[in-house]
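Residue-level structure breakdown
Chain residues, written in single-letter form:
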Amino acid sequence: MSEETREFLHKRLKEITENVCKTFGGTAEVIINKGTPVSNNNETISKIIEISIIKNFGEENYIYNPFPSMGSEDFAYYGEIIPAAMYRLGTGFINQKNASLHSSGLVISEDAISTGILSMVSVCDDLLNNI
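This structure is a prediction, so every number in the text was calculated from the model and none was measured. (Residues numbered from 1 in each chain as written. Predicted model: local features only at pLDDT ≥ 70, side-chain atom pairs only at ≥ 80, totals over all residues. Heavy atoms only, no water.)

Across its full length, the chain carries four helices and zero strands. Reading the secondary structure of the chain in the N-to-C direction produces α-α-α-α. Relative to a compact globule of 131 residues, whose C-alpha radius of gyration would be 14 Å, the chain shows 21 Å and is clearly more extended. Viewed in the frame of its principal axes, the chain has a C-alpha envelope of about 65 × 40 × 20 Å. Every one of the 131 residues in the chain was classed for burial, and the buried ones make up 18%. Here the analysis covers contacts within the chain between residues at least 6 apart in sequence; of these, 65% occur between residues at least 24 apart. (Helix = DSSP H or I, 4+ residues; strand = E, 2+ residues; numbered from the N terminus. Rg over C-alpha atoms; globule rule 2.2 N^0.38 Å. Buried < 20%, exposed > 50% of the residue type's maximum accessible area, 1.4 Å probe, protein only. Contact = heavy atoms within 4.5 Å.)

See the structure below:
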């Protein structure tokens, strides 16, 4: 959930592996590909997104999710350069079971297309007017 934790775990994994092998008379070479950076939403940008979505779509259409995710997202590279925040757009149907994202059973409600475009335009407009 943080670069510090990632660095600590990579270091410890290497130390533990090398020392267990050494204990039994062996050696090990641990190579870890760092992968995608941790994605952290900028608080200011996130607040502007929240206000914009509530203002333009109603409070009932904004869901705050405080729980971090272990998923990776290449959007994180933007956040390393500029203040950034990512939000999720509901794409399912209200009165039916929806398959999870990235599954072969996923069917997206076409209503989400216009909602997604309008939300992005609204957020961009509010970001530009708040800078």
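With that settled, the discussion passes to the environment of Pro66. Inspection of the secondary structure puts Pro66 in the loop between helix H2 (43-57) and helix H3 (76-79). Take Pro66: its relative accessible area is 45%, and that puts it in the partly exposed class. Taking the C-alpha atoms as reference, Pro66 lies 26 Å from His10; in sequence the two are 56 residues apart.

A contiguous nonpolar patch, built from Ile16, Val20 and Phe24 and spanning about 330 Å² of accessible area, is present on the exposed surface. Here Ile16 shows up in helix H1 (residues 3-23). (Patch = residues over 30% accessible without salt bridge, like charges linked within 9 Å, V, L, I, M, F, W, Y side chains within 5 Å. Areas by Shrake-Rupley, 256 points an atom, 1.4 Å probe, with all protein chains shown as cover. Salt bridge = Lys/Arg side-chain N within 4 Å of Asp/Glu carboxyl O.)

Let's shift gears to the packing of aromatic side chains. For the structure shown, the criterion picks out one aromatic pair. Plain terms: the ring middles of Phe75 and Tyr78 are 5.6 Å apart, the flat faces sit at 55 degrees to each other, and that makes the pair tilted. On the basis of relative accessible area, Phe75 is assigned to the partly exposed category, the value being 24%. Taking the relative accessible area as the measure of exposure, Tyr78 reaches 53% and is therefore exposed. (Phe/Tyr/Trp six-rings, centres within 6.5 Å; stacked < 30°, edge-to-face > 60°.)

Here we take up the packing of H2 against helix H4 (residues 111-130). Contact geometry of H2 with H4 gives a least axis separation of 9 Å together with a crossing angle of 125 degrees. Between H2 and H4, the angle is such that the two are oblique. Taken as a pair, H2 and H4 cross one another with a handedness that is right-handed. Across the interface between the two elements, Ile45, Ile48, Ile49, Ser52, Ile53, Lys55, Asn56 and Phe57 from H2 touch Thr115, Leu118, Ser119, Ser122, Val123, Asp126, Leu127 and Asn130 from H4. Residues of the contact of H2 with H4, tallied by class, amount to eight nonpolar, six polar and two charged. (Axes fitted to C-alpha atoms, helices over the stretch in contact; angles between N-to-C directions. Parallel < 35°, antiparallel > 145°, perpendicular 65-115°, else oblique. Left-handed = near helix turned anticlockwise from the far one by under 90°. Nonpolar A, V, L, I, M, F, W, Y, C, P; charged D, E, K, R; others polar.)

As enumerated under the stated definition, the model contains six salt bridges in all. Across the pair Glu3 and Arg6 runs a salt bridge, and its minimum N-O distance is 3.5 Å. Taken as a pair, Glu3 and Arg6 lie in helix H1 at a separation of three residues, close to a single helical turn. Arg6 carries the same exposure label as Glu3, and that label is buried.

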